[in-house]
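Chain by chain, the residues run as shown.
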Amino acid sequence: MESLSQLPLQAPYHEISRFQSLQSNPKFTTNFTSSINLYSPNCLKPRGASAVSQIQPPKISATNTSVWRRAMSRRAKNQRNLPLSHQIDVAFHETKIHGYCKAGRTREAVRALEVLEESGVVPDVVTYTVLIRSYCKDRNVDEALRLLDQMKVAPDVVTYNTLLKGMCDFKMLDKALEVLGQMKVAPDVVTYNTLLKGLRDSRKLDKALEVFDRMKVAPDVVTYSTLLKGLCDSRKLDKALELFDRMKVAPDVVTYSTLLKGLCDSRKLDKALELFDRMKVAPNVVTYSTLLKGLCDSRKLDKALELFDRMKVAPDVVTYNTLLKGLCDSRKLDKALEVFDRMKVAPNVVTYNMLVKGLCDSRKLDKALEVFDRMKVAPDVVTYSTLLKGLCDSRKLDKALELFDRMKVAPNVVTYNTLLKGLCDSGKTEQGRELLAEMKDKGFKPDVVTYTSLVTGLAREGNLDEGIDLLEGFKDLGITPTMITFRSIMSGICKARQADRAIDFLGYMVCKGWKPDEECYGTVIRGIASEGLAEEALELLKVLDARDLVKKTWAKNLARKMQQDY
């Protein structure tokens, strides 16, 4: 504990007592110390080894020097005619307010502010601004607005910007626009940028453009980048390009990367490559990764590899993952493994997951297991679920169950669903039931995928009544069946050569408010035809066509196929 002599001179006794009690809270001590360092350049460096005793005067950067000068000037004016003991007490209270706010203890900061105001001292604008920011962090923007109205000094532009940011963060856009119109100081570019970002993030792009058009200060590169992102996200590429062309400041790498992403997302690769080639600033790794993703998504792998090879900055793990995903999605696994083997940064779990998925999807299961075994990071639940799916799809249920049993992370619903589907698809529905019971015992809530897998398994094994009973119970379970659920039952009925029941089930679907899709109708029609009732099946197809329940081209193609097969 520090000696009382190390506290500000003449501090009131009750403040000394509160300060001593606060030192016992490590969280407050750390935050209080950093707050003093941040806000109080005249702090002394007392002796002792405690966190508070090691306070150093902060270094004031060039960017906030003017703010400090204004704050210190106001403080000097407020305290010019006060005795020394009272001046030090004011500094102590203001520092304490900053510390409380930094620690997230807004109520105590408010009480400290009230002590100052009741003593007749006017706190500086910095103190009010810090408290407004704390209110906003606490999601208490209404109180921040109230404090703005009750401030005993004129708010500056930083005060307004702080409040506007809080309002935009919590989507109080109409009120923010109202505050903008009532500002008692001239807004700066940060004011407008804050508001534009809030409007953009709330999808109020027209309003953002309106505010932009009536800005009273020159927009900066952040202003343009903010609007460009909104236009690109809304697929308004023509407007984005128009705005870019009439920029009154030089675009930076963020501006270019934003526009490139918009062009790539809209599959305008030629324009994206053209923009990239005429960039007037050096592209960074985000720029390259953005363009690589666009090329990979458009299956232009050769161009992607060419761009990757001539990168002028070191690729990061996101760059590699982007390229690997493109290669895996295009089934270029050998090239993907080659790129993986010569990675110059450490792969992360996403890297391995994409590679494992690509190998499993291409039925290169042995290679997928090899990559899994030499992972240099801990596999996550996605890794296990991906590998389990690969094993189940390849009917390697024993290996899948073995892997499931030795998982080093907790499974999730997707993991259980993957294994349950594998069991049901392999005719092991009873084991699927056991897994469902285990799933419930461990607190997981089965979803429509879980029960559809079980219904499909039951229908495939001929347990149609049980499958339909389970389907009937979906409502009680709070689950809405999908068309896949109905198709699995229909397929089981037709496989059992029960054409009359299949037609009845169609009626059941319609009565329940479910509109059968073409695949469902096709299953029934082929099922009827397979029982030697081809003419009746074609007659049903004509009725569906006449009632516009199926597309005419689909009906025509199915009729031709049936005439060939039956």
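Everything quoted here is computed from the prediction, not taken from an experiment.

## Remarks on the overall build of the chain
Consideration 1: Helix and strand counts for the chain stand at 32 helices and 0 strands.
Consideration 2: Taking all 566 residues of the chain together, 48% fall into the buried category.
Consideration 3: Within the chain, contacts between residues separated by at least 24 positions form 59% of all contacts whose residues are at least 6 apart in sequence.

## Section: a positive patch on the surface
Consideration 1: A cluster of basic side chains, namely Arg235, Arg267, Arg299, Arg331, Arg363 and Arg395, defines a positive patch on the protein surface.
Consideration 2: Summarising the element assignment, Arg267 is placed in the loop between helix H14 (253-265) and helix H15 (269-277).

## Section: the environment of Asp124
Consideration 1: Mapped onto the elements, Asp124 comes out in the loop between helix H5 (106-118) and helix H6 (125-137).
Consideration 2: Judged by relative accessible area, Asp124 falls into the buried class, the value being 2%.
Consideration 3: When the C-alpha positions of Asp124 and Ala154 are compared, they lie 9.3 Å apart, and in sequence the two are 30 residues distant.
Consideration 4: Among the polar contacts made by the side chain of Asp124, one reaches the side chain of Thr127 at a distance of 2.7 Å.

## Quick look at helix H16 (residues 285-297)
Consideration 1: Between its first and last C-alpha, H16 extends 18 Å over 13 residues, near the 18 Å set by a 1.5 Å rise per residue.
Consideration 2: Regarding H16, the residues found buried are Val285, Thr287, Tyr288, Ser289, Thr290, Leu291, Leu292, Gly294, Leu295 and Cys296.
Consideration 3: On its buried face, H16 sits against H14, H15, helix H17 (301-309) and helix H18 (317-329).
Consideration 4: For H16, the N-terminal capping position is held by Asn284, with its side-chain oxygen 3.1 Å away from the main-chain nitrogen of Val286.
Consideration 5: Positive phi shows up at Arg299, right after H16, with a value of about 60 degrees.

## As for the environment of Thr480
Consideration 1: As for its placement among the helices and strands, Thr480 is situated in the loop between helix H27 (464-472) and helix H28 (483-495).
Consideration 2: With relative accessibility at 54%, the residue Thr480 sits in the exposed group.
Consideration 3: The spatial distance from the C-alpha of Thr480 to the C-alpha of Val448 is 6.8 Å, given a sequence separation of 32 residues.
Consideration 4: Ignoring anything within four residues of it in the chain, the contact list for Thr480 reads Val448, Phe474 and Trp514.

## Details of the nonpolar core
Consideration 1: Grouped together as the largest cluster of nonpolar side chains are 161 residues, with contacts concentrated most on Leu163, Leu259 and Leu291.
Consideration 2: Residue contributions to this core peak at 8 residues, all from H6.

## So, the packing of helix H30 (residues 518-530) against helix H32 (residues 552-565)
Consideration 1: At a closest axis distance of 12 Å, the pairing of H30 and H32 adopts a crossing angle of 25 degrees. Between H30 and H32, the crossing angle belongs to the class labelled roughly parallel. Our pair here, H30 against H32, has a crossing hand that is right-handed. Side by side, H30 and H32 meet where Glu518, Tyr521, Gly522, Ile525, Arg526 and Ala529 of the first sit next to Trp554, Leu558 and Met562 of the second.
Consideration 2: Looking at the contact of H30 with H32 residue by residue, the classes come out as 6 nonpolar, 1 polar and 2 charged.

## Digging into unusual backbone geometry
Consideration 1: Positioned with a positive phi, Arg139 is a non-glycine residue whose angle comes to about 65 degrees.
Consideration 2: Looking at the secondary structure, you find Arg139 in the loop between H6 and helix H7 (141-150).
Consideration 3: Look at Arg331: it is not a glycine, yet its phi comes out positive at around 60 degrees.
Consideration 4: Turning to its location among the elements, Arg331 is positioned in the loop between H18 and helix H19 (333-341).

## Observations regarding H7
Consideration 1: When we look at burial in H7, the residues that qualify are Val141, Ala144, Leu145, Leu147 and Leu148. Down the axis of H7, the buried set is contained in an arc of 160 degrees. They therefore lie on one face. Residues of H7 that are exposed and angled more than 90 degrees away from the buried face: Asp142 and Asp149.
Consideration 2: In the core, the buried residues of H7 are packed alongside H5, H6, helix H8 (157-169) and helix H9 (173-182).

## Regarding the pattern of salt bridges
Consideration 1: Under the criterion given, the structure shown has 28 salt bridges.
Consideration 2: A salt bridge links Arg487 to Asp517; the nearest nitrogen and oxygen atoms lie 2.3 Å apart. With a gap of 30 residues between them, Arg487 in helix H28 and Asp517 in the loop between helix H29 (499-511) and H30 connect regions that are remote in the sequence.
Consideration 3: By relative accessible area, which is 24% here, Asp517 ends up partly exposed.
Consideration 4: Look at the salt bridges and you will find they share partners, linking Lys197, Arg200 and Asp201 into a network.

## Concerning the packing of aromatic side chains
The geometry of two aromatic rings is summed up by the distance between their centres and the angle between their planes.
Consideration 1: For the structure on display, the rule yields 12 aromatic pairs.
Consideration 2: Considering the side-chain rings of Phe340 and Tyr352, the 5.5 Å spacing of their centres and the 75 degrees angle between planes classify their relative orientation as edge-to-face. Residue Phe340 is found in helix H19, and its partner Tyr352 is found in helix H20 (residues 349-361); the two are separated by 12 residues along the sequence. The pair Phe340 / Tyr352 is uniform in exposure class, with both members buried.

## A few points about the state of the cysteines
By definition, a disulfide is the covalent link that joins the sulfur atoms of two cysteine residues.
Consideration 1: Overall, the coordinates contain 0 disulfides when judged by the stated rule.
Consideration 2: Cysteine Cys494 remains unbridged, with the sulfur of Cys520 as its closest cysteine sulfur at 8.7 Å.
Consideration 3: A residue is classified by how much of its surface remains accessible, and Cys494, at 12% relative accessible area, is buried.

What counts and what doesn't
- Residues numbered from 1 in each chain as written.
- Predicted model: local features only at pLDDT ≥ 70, side-chain atom pairs only at ≥ 80, totals over all residues.
- Heavy atoms only, no water.
- Helix = DSSP H or I, 4+ residues; strand = E, 2+ residues; numbered from the N terminus.
- Buried < 20%, exposed > 50% of the residue type's maximum accessible area, 1.4 Å probe, protein only.
- Contact = heavy atoms within 4.5 Å.
- Patch = residues over 30% accessible without salt bridge, like charges linked within 9 Å, V, L, I, M, F, W, Y side chains within 5 Å.
- Areas by Shrake-Rupley, 256 points an atom, 1.4 Å probe, with all protein chains shown as cover.
- Salt bridge = Lys/Arg side-chain N within 4 Å of Asp/Glu carboxyl O.
- Lys, Arg positive; Asp, Glu negative; His and termini not counted.
- Charge placed at Lys NZ, Arg CZ, Asp CG, Glu CD.
- Polar contact = N/O pair within 3.5 Å; in protein donor to acceptor, adjacent residues only side chain to side chain.
- Expected span 1.5 Å × (residues − 1).
- Core = buried A, V, L, I, M, F, W, Y, C linked by side-chain atoms within 4.5 Å.
- Axes fitted to C-alpha atoms, helices over the stretch in contact; angles between N-to-C directions.
- Parallel < 35°, antiparallel > 145°, perpendicular 65-115°, else oblique.
- Left-handed = near helix turned anticlockwise from the far one by under 90°.
- Nonpolar A, V, L, I, M, F, W, Y, C, P; charged D, E, K, R; others polar.
- Arc of directions from axis to C-beta.
- Phe/Tyr/Trp six-rings, centres within 6.5 Å; stacked < 30°, edge-to-face > 60°.
- Disulfide = S-S within 2.5 Å.

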